[in-house]
Amino acid sequence: MNVLIVFAHPERQSLNGALLDVMISELEAQGHKVQISDLYAMQWKATVDRNDFPLLPPDERLKVAEASAQNFAAHQLTEDVQAEQEKLIWADTVILQFPLWWFGMPAILKGWVDRVYACGFAYGVGEHSNKRWGDRYGEGKMAGKRAMLVVTAGGWQEHYSQRGINGPIDDLLFPITHGVLFYPGFTVLPSFVAYRVDRFNEQQFDATAQELRERIKTIESTAPIPYRKQNNGDYIIPEMELKAGLERPNATGFALHRKE
Ligand code: FAD
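Keep in mind the model is a prediction, meaning the values are calculated, not measured.

1. With respect to the overall build of the protein chain
Part 1: When helices and strands are tallied, the protein chain shows six helices and eight strands.
Part 2: Each helix and strand of the protein chain, placed in order from N terminus to C terminus, yields the pattern β-α-β-α-α-β-α-β-α-β-β-α-β-β.
Part 3: Rg of the C-alpha trace for the protein chain: 19 Å, near the compact-globule value of 18 Å for 260 residues, within the 12% margin.
Part 4: For the C-alpha atoms alone, the extent of the protein chain along its principal axes is close to 55 × 50 × 35 Å.
Part 5: Evaluated residue by residue, the protein chain yields a buried proportion of 45% over its 260 residues.
Part 6: By sequence separation, contacts in the protein chain at least 24 residues apart represent 74% of the contacts at least 6 residues apart.
Part 7: Put simply, the protein chain shows about 13,400 Å² of open surface, and 50% of that area lies on carbon and sulfur atoms.
Part 8: When the 27 basic and 33 acidic side-chain charges of the protein chain are each reduced to a single mean position, those positions are 5 Å apart.

This is how it looks when you write it as structure tokens:
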């Protein structure tokens, strides 16, 4: 299996860096091929601007989705973006690894998504009509590939529980797991989250590293998050609202879009 890890931490000798090493050694021990996109080491450009679209005339107003579609179709996106797209095509499994910063991913990783997920590549794929709203949420260019988040958080696990003050971790990560990953077609595995990491001692590190090794060992067989596919009959078209009566009792909000 080919595995791409997109690593978003500014310090390779960090806890995240050590957990990255754990994943690489476990994946290689299983015979998998691994590529790393170490975004800070690559000095990844995190903002979308007109320099991303070489075909855009200097005096023409920038419309990002349009310029993205045009440059993607003509294979004219910048080399750094094309290289990341090729890695995504190569990968059978993609891991996004990051420390939780302000309840989300670090800006550099968001900028990787903004630039690499071009129109025609990650969105704007398939038929868009009153009968069909594209190939997305379970379909799309990433269909057949698995993806997973590996996240470290300073807060306690309880702070991220159903009644925790930060909000449930699955809700906070939903825009990434359901939005960034499920949308272009990935099968999304439950996130690996390490809590209360800022004062980790050796024992806590070893326990977390062991848990992570176990998750990596079973990455090909772990049951995915049972998100509902858009084009499987669960949603009213074109409103894209969940049909009445399909939800579990008392389910609201993000939980509506899970089948179990
Ligand atoms: P490091 O600082 O590198 O390491 C943490 C500890 O792990 C170290 O002190 C060390 O004791 C131990 N350690 C490191 N490497 C090893 C090793 N190889 N072996 C053994 N022990 C080791 N947290 C939240 O919960 N929610 C937020 O919204 C949030 N927002 C943040 C925003 C910002 C801007 C910042 C800077 C932090 C935020 N945090 C938040 C905390 C953040 O999530 C943690 O600081 C981060 O996850 C720690 O990961 P790290 O790789 O940077 O750890």
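2. Some details on the site of the ligand
Part 1: As a structural note, the neighbourhood of the ligand is formed by 20 residues, with H9, T152, Y160, D198 and F200 the closest of them.
Part 2: Protein burial of the ligand: of its 990 Å² of free accessible surface, 67% is covered by the chains.
Part 3: Counting residues per element, the ones that place at least two in the shell around the ligand are helix 1 (15-29) and helix 6 (202-217).
Part 4: In terms of residue count, helix 1 provides more of the shell around the ligand than any other element does, three residues in total.

3. Describing the nonpolar core
Part 1: Core analysis: the largest hydrophobic core is formed by 46 residues, its most contacted members being L88, F98 and W112.
Part 2: Those elements that place two or more of their residues in this core are strand 1 (2-7), helix 3 (79-90), strand 3 (93-99), helix 4 (107-116), strand 4 (146-152) and helix 5 (169-182).
Part 3: Among the elements that line this core, the one with the most residues is helix 5, at seven residues.
Part 4: With sequence-adjacent residues up to four places away left out, W112 is seen in contact with V6, L39, W44, E84, L88, L96 and Y117.
Part 5: The next biggest cluster of nonpolar side chains, apart from the first, holds 21 residues, and it includes I95, V197, I216 and I219.

Conventions used here
Residues numbered from 1 in each chain as written. Predicted model: local features only at pLDDT ≥ 70, side-chain atom pairs only at ≥ 80, totals over all residues. Heavy atoms only, no water. Helix = DSSP H or I, 4+ residues; strand = E, 2+ residues; numbered from the N terminus. Rg over C-alpha atoms; globule rule 2.2 N^0.38 Å. Buried < 20%, exposed > 50% of the residue type's maximum accessible area, 1.4 Å probe, protein only. Contact = heavy atoms within 4.5 Å. Areas by Shrake-Rupley, 256 points an atom, 1.4 Å probe, with all protein chains shown as cover. Lys, Arg positive; Asp, Glu negative; His and termini not counted. Charge placed at Lys NZ, Arg CZ, Asp CG, Glu CD. Near = heavy atom within 4 Å. Core = buried A, V, L, I, M, F, W, Y, C linked by side-chain atoms within 4.5 Å.

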